[in-house]
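# What the coordinates show
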Amino acid sequence: MATSFKENLSSRTISPAGIITLPPTARQLLKFEKGQGKRVGFTVENDKVVIYPTPTDKRPSKDVSARGLMKLNQAAGAILKGGQKGAGKYEVKLDEKEGSVALYPHR
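Predicted model only: the values in this text are computed from it and were never measured. (Residues numbered from 1 in each chain as written. Predicted model: local features only at pLDDT ≥ 70, side-chain atom pairs only at ≥ 80, totals over all residues. Heavy atoms only, no water.)

Bringing the pairing of strand 4 (residues 49-52) into the picture now. Alternating positions in strand 4 separate into two faces, Val49 and Ile51 on one and Val50 and Tyr52 on the other, with burial throughout. Taking the residues that link successive antiparallel strands as the turn, the strand 3 (residues 38-44)-strand 4 hairpin has four residues. In this structure, strand 4 lies alongside strand 8 (residues 100-105), joined through three bridges in antiparallel fashion. Paired with Ile51 across the two strands is Val101, which belongs to strand 8. (Buried < 20%, exposed > 50% of the residue type's maximum accessible area, 1.4 Å probe, protein only. Helix = DSSP H or I, 4+ residues; strand = E, 2+ residues; numbered from the N terminus. Pairing = 2+ DSSP bridges.)

And the structure:
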């Protein structure tokens, strides 16, 4: 019998060191190969962090491990740690049309 589970995208936690874990659905949207890490592009905006499948000149890049571990820079970590429902809580929103993943502080 196969076990199925629903991912909790609305309440995730950033570590004190600024490391997040991208859930499997986010990694799938960002076109990760099974068992391999990837270099992704990201931007820090006013109230969110957006992760794209590929880096560009305007988007710095970050390495993400095969398990989805990603160390954020200070600006991105400060945004996600500034949530009102507890420091370090954030939400993941998938944009399938654009192929990006947005991280919002939990409000």
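Turning our eyes to something else, we now look at the sheet that holds strand 8. Spatially, the six strands line up as an open sheet ordered 1-7-8-4-3-5, and their pairing is antiparallel. Two strands in the sheet have a free side with no partner beyond their single neighbour: strand 1 (12-13) and strand 5 (61-64). Alignment of strand 3 against strand 4, held across four bridges, turns out to be antiparallel. The partner of Phe42 across the bridge, within strand 4, is Ile51.

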